[in-house]
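Topology and contacts: notes
Here's the letter readout for the chains.
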Amino acid sequence: MISKQDFNERVIAKLQSIADLFENKNDQYGDDDPLANFTRGALIRYGELNMETRYEALKDYVLKHISHVYNNGLYGAKVDESINDIAVYFIIASVMHDLKDVETTKTMREIETVEELKSFVGEDVFVMFKNNNGSFYKVELNLKGEPALAQSNIILTLDYLASIDAHVFELNI
């Protein structure tokens, strides 16, 4: 049996390891929004942006890890990784709770015309595809002066977006 002191030291070491995991994963996102994944998830899934919908998105994300832990034994493949990810998610949820009065609700409104989209050039918009997979794109002007949505070196023209039945939404109303 492990001693209480050794157990406590291991818990404290694990908490530090969880903090390191958070910092490493958070750096990978490279976004000024510390809740970027939950912001995107809230807009995709719930069409509304506030701390409650971000929290709901967090619960959606953590559910995958909870299911993996539930379906495997303590020493199952990657169970330790899922347990650590769950810990990070719930610490983030605790901080979200503490921030409950920081942000206001924003809603999403579908942009229906090219003229409407042109008025948002330079603003944040969201593109959602019919299969419910979503990606964020920044509006940029292509060489012809027509609006296009770009991410990295990929340009999605309005014609292409229409051909794949994409939906463009205004993020900040």
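What this report covers is the structure whose coordinates are included nearby.

**Overview of a nonpolar patch on the surface**
A surface patch of nonpolar side chains, about 340 Å² in accessible area, is lined by I2, F7, V11 and L15. Assignment of secondary structure puts L15 in helix α1 (residues 4-29). By relative accessible area, which is 52% here, L15 ends up exposed.

**Thoughts on unusual backbone geometry**
The phi torsion at K78 lies on the positive side, around 60°, for a residue other than glycine. If you trace the backbone, K78 turns up in the loop between α3 (51-70) and α4 (79-98). Given the relative accessible area of 54%, K78 is considered exposed.

**Overview of the side chain of H65**
Tracing the chain through its elements places H65 in helix α3. The contacts of H65, once residues within four sequence positions are left out, are S82, D85, I86 and Y89.

**Examining the packing of helix α2 (residues 36-46) against α3**
Contact geometry for α2 and α3: axes closest at 8 Å, N-to-C directions at 95°. The angle between α2 and α3 places the two elements in the roughly perpendicular class. Of the residues in α3, those touching α2 at N37, F38, T39, G41, A42, R45 and Y46 are T53, R54, E56, A57, L58, D60 and Y61.

**Here we look at α2**
For α2, the set of buried residues is A36, F38, T39, G41, A42 and L43. Once α2 ends, the next one or two residues include G47, with phi positive near 65°.

**Section: the side chain of N50**
By secondary structure assignment, the location of N50 is in the loop between β1 (48-49) and α3. Separated by 2.9 Å, the side chain of N50 and the backbone nitrogen of E52 make a polar contact.

**Some details on the packing of aromatic side chains**
For any pair of aromatic rings, the description consists of the separation of the ring centres together with the inter-plane angle of the planes. One pass over the full model with this rule turns up 2 aromatic pairs. Ring geometry for F38 against Y61: centres 5.7 Å apart, planes inclined by 35°, an arrangement best described as tilted. Of this pair, F38 sits in helix α2 while Y61 sits in helix α3, placing them 23 residues apart in sequence. Seen in terms of ring centroids, F38 and Y89 are 6.0 Å apart; in terms of plane orientation they differ by 70°. Their pairing is edge-to-face. Note that F38 is positioned in helix α2 and Y89 in helix α4, a separation of 51 residues in sequence. In this structure F38 comes out as buried when scored by relative accessible area, which is 6%. Ring-pair connections join several aromatic residues into one group, and the members of that group are F38, Y61 and Y89.

**Regarding the nonpolar core**
Within the largest apolar cluster, 12 residues are counted, these being I18, L35, F38, M51, L58, V62, I86, V88, Y89, I92, A93 and M96. Those elements giving two or more residues to this core turn out to be α3 and α4. Of the residues forming this core, the biggest block, 6 residues, is contributed by α4. Setting aside its immediate chain neighbours within four residues, F38 contacts R54, A57, L58, Y61, Y89 and I92.

**Considering the pattern of salt bridges**
Pairing is possible between side chains that carry opposite charge, provided their charged atoms lie close to one another. What the rule picks out here adds up to 4 salt bridges. Measuring nitrogen to oxygen at the nearest pair gives 2.9 Å for the salt bridge that ties D85 to K25. One end of the pair, D85, is in helix α4; the other, K25, is in helix α1, with 60 residues separating them in the sequence. Here D60 and R45 are joined by a salt bridge, their closest N and O atoms 2.9 Å apart. Residue D60 is located in helix α3, and its partner R45 is located in helix α2; the two are separated by 15 residues in the primary sequence. A relative accessible area of 56% means that R45 is categorised as exposed.

Cut-offs used in this document
- Residues numbered from 1 in each chain as written.
- Predicted model: local features only at pLDDT ≥ 70, side-chain atom pairs only at ≥ 80, totals over all residues.
- Heavy atoms only, no water.
- Patch = residues over 30% accessible without salt bridge, like charges linked within 9 Å, V, L, I, M, F, W, Y side chains within 5 Å.
- Areas by Shrake-Rupley, 256 points an atom, 1.4 Å probe, with all protein chains shown as cover.
- Salt bridge = Lys/Arg side-chain N within 4 Å of Asp/Glu carboxyl O.
- Helix = DSSP H or I, 4+ residues; strand = E, 2+ residues; numbered from the N terminus.
- Buried < 20%, exposed > 50% of the residue type's maximum accessible area, 1.4 Å probe, protein only.
- Contact = heavy atoms within 4.5 Å.
- Axes fitted to C-alpha atoms, helices over the stretch in contact; angles between N-to-C directions.
- Parallel < 35°, antiparallel > 145°, perpendicular 65-115°, else oblique.
- Polar contact = N/O pair within 3.5 Å; in protein donor to acceptor, adjacent residues only side chain to side chain.
- Phe/Tyr/Trp six-rings, centres within 6.5 Å; stacked < 30°, edge-to-face > 60°.
- Core = buried A, V, L, I, M, F, W, Y, C linked by side-chain atoms within 4.5 Å.

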